[in-house]
Amino acid sequence: METPLSNSGNPPPKTVHRAPLALSGLDFKLLKVFKAVVEAGGFSAAQNELNVGLAAISKQISDLEIRIGMRLCTRGREGFHLTEEGRLVYQASIDLFASVDNFRDRLSSAQNELIGDLGVGVIDNTITDANSPLVAALRKINEESPKVRFQLQASQLDEVERGVVEGRLVAGIVPVYQKREEFDYFPLYEERSYVYCAVGHPLFAMPEADMGSNVLLDFECINHRYAIHRDKLNFARYDSFSASATQVEAVALLVKTGRFVGFLPEHYAATLVAQGQFRAVRPDLINIVTPFNLILRHNTVRSPLVKAFAQALGVDLKASV
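As recorded in an unreviewed UniProt entry, the protein goes by LysR family transcriptional regulator and comes from Pseudomonas wuhanensis.

Here it is, written out as structure tokens:
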């Protein structure tokens, strides 16, 4: 039986105690570079964001790995991948810079002046929606607080939600198909969508009097992978969704082939309709309304900048739904 003394001839393995990293200005710079590389998806993709060459980025990441004593990522022929330590450092860097922004917000609040970064995520192809208050809100913030730096990201719904959850974005303006417990939701406006067909499709030249509410049952429809609208099944069979798309413009491209029909926001399709390329199919009978909300991460402190942005959007932060 082994006793505490039976290995007395073999000294126990040494435990390495690494001194806590004292962050310097250089460390902040290197962490910003690392954060940018992760969010860009790799060294090459981060060059435009950082405005430096590939060799410089590689050296800065290597310097950071040496300073903190961790391997943060793999890079090479197999692509860019974070290690477990890299994921930890990335999330910690998000928290770190969020704390810095919060500190800066408090100082600016004491000075009655807003400064800092306003990271907002929006859905692609909403620029034509006159109901959206975003442009007016950004203009108001810029006029009243010119030291605020905008970081606007237009992407798919899941990317915007992920950005808000991870803290890379402070807010998102998104369509709401189903609510998630990670967010607080604040109503902004509604978007109406109709079914469209294009030149060459059998429905394009069909008299409206010959179309009923079940007119789509005989035609191939586009499945919108970014929109979970169960109301669509009121108008079309599930097995008729023979094509799929992940963005509004992708839906429009498929419709334009003249082979499919698909739901598109009225504001987006208006120009194509005016040009005689698209036609709405029985808009009086077949349409869907989607609410757009401001989303903020649940149970987080609202900085003065976030409060000012919400106010510029016409949102009452006490009225979460």
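Back to the text.
Considering the overall build of the protein
Counting its regular elements, the protein contains 9 helices and 11 strands. Contacts in the protein between residues far apart in sequence, at least 24 positions, make up 69% of those at least 6 positions apart. Accessible surface for the protein amounts to roughly 18400 Å². Of this, 52% is attributable to carbon and sulfur atoms.

Looking at the pattern of salt bridges
Counted by the stated rule, this structure contains 14 salt bridges. The salt bridge involving Arg-149 is made with Asp-117; its shortest N-O contact spans 2.7 Å. Taken together, the positions of Arg-149 in strand β4 (residues 148-155) and Asp-117 in strand β3 (residues 116-123) put the pair 32 residues apart, joining distant regions of the chain. The network of salt bridges with common partners includes Glu-65, Arg-71 and Arg-75.

Considering the packing of aromatic side chains
Under the definition given, this model contains 4 aromatic pairs. Seen in terms of ring centroids, Phe-183 and Tyr-185 are 6.2 Å apart; in terms of plane orientation they differ by 85°. Their pairing is edge-to-face. Take Phe-183 and Tyr-185: they sit in the same class, and that class is buried. Judged by centre distance (4.9 Å) and plane angle (20°), the rings of Tyr-189 and Phe-292 are stacked.

Comments concerning the pairing of strand β6 (residues 183-198)
Extensive coverage of β6 is indicated by the burial of 12 of its 16 residues. Sheet topology note: the β6/strand β11 (residues 287-297) ladder contains 11 bridges and is antiparallel. Counted as the bridge partner of Glu-191 is Thr-290 from β11. Pairing between β6 and strand β9 (residues 262-265): 4 bridges, direction antiparallel. Bridge pairing links Val-195 to Phe-263 in β9. Across 3 bridges, the pairing between β6 and strand β10 (residues 278-280) is antiparallel. Across the sheet, residue Tyr-196 finds its bridge partner in β10, namely Ala-280.

Digging into empty space enclosed by the protein
Tallying each qualifying case throughout the model produces 2 cavities of 30 Å³ or more. Of the voids in this model, the second largest cavity is the one considered here, and its volume is about 30 Å³. In terms of lining, the second largest cavity is formed by Val-195, Leu-216, Cys-221, Ile-222, Phe-241, Val-261, Gly-262 and Phe-263. Of all elements in the fold, only β7 (221-224) and β9 reach the threshold of two or more residues within the lining of the second largest cavity.

A short note on the layout of surface pockets
In this model, the largest pocket occupies a volume close to 1400 Å³. Looking at the largest pocket, it is lined by 40 residues, and the ones nearest its centre are Lys-35, Asp-101, Gln-151, Gly-167 and Arg-168. Taken together, the elements giving at least two residues each to the lining of the largest pocket come down to α1 (25-40), α2 (47-50), α4 (84-110), β3, β4, β11 and α9 (304-313). Broken down by element, the lining of the largest pocket gets its largest block of residues, 10 residues, from α4. Among the residues making up the lining of the largest pocket, the classes are represented as 18 nonpolar, 9 polar and 13 charged.

So, the nonpolar core
Formed by 24 residues in total, the largest nonpolar core has its most connected members in Ile-173, Leu-294, Phe-309 and Leu-313. Ranked by the residues each element gives to this core, the list is headed by α9, at 7 residues. Leu-313 has contacts with Pro-133, Leu-134, Ala-137, Ile-173, Leu-188 and Leu-294, leaving out every residue within four places of it along the chain. Among the nonpolar cores identified, the runner-up in size contains 20 residues, and Val-33, Phe-34, Val-38 and Phe-80 belong to it.

Conventions and cut-offs
- Residues numbered from 1 in each chain as written.
- Predicted model: local features only at pLDDT ≥ 70, side-chain atom pairs only at ≥ 80, totals over all residues.
- Heavy atoms only, no water.
- Helix = DSSP H or I, 4+ residues; strand = E, 2+ residues; numbered from the N terminus.
- Contact = heavy atoms within 4.5 Å.
- Areas by Shrake-Rupley, 256 points an atom, 1.4 Å probe, with all protein chains shown as cover.
- Salt bridge = Lys/Arg side-chain N within 4 Å of Asp/Glu carboxyl O.
- Phe/Tyr/Trp six-rings, centres within 6.5 Å; stacked < 30°, edge-to-face > 60°.
- Buried < 20%, exposed > 50% of the residue type's maximum accessible area, 1.4 Å probe, protein only.
- Pairing = 2+ DSSP bridges.
- 1 Å grid on protein atoms, 1.4 Å probe; cavity = no way out; pocket = protein on both sides within 12 Å on 5 of 7 lines; lining within 4 Å.
- Points joined across faces, edges and corners; volume = space filled by probe spheres on them.
- Nonpolar A, V, L, I, M, F, W, Y, C, P; charged D, E, K, R; others polar.
- Core = buried A, V, L, I, M, F, W, Y, C linked by side-chain atoms within 4.5 Å.

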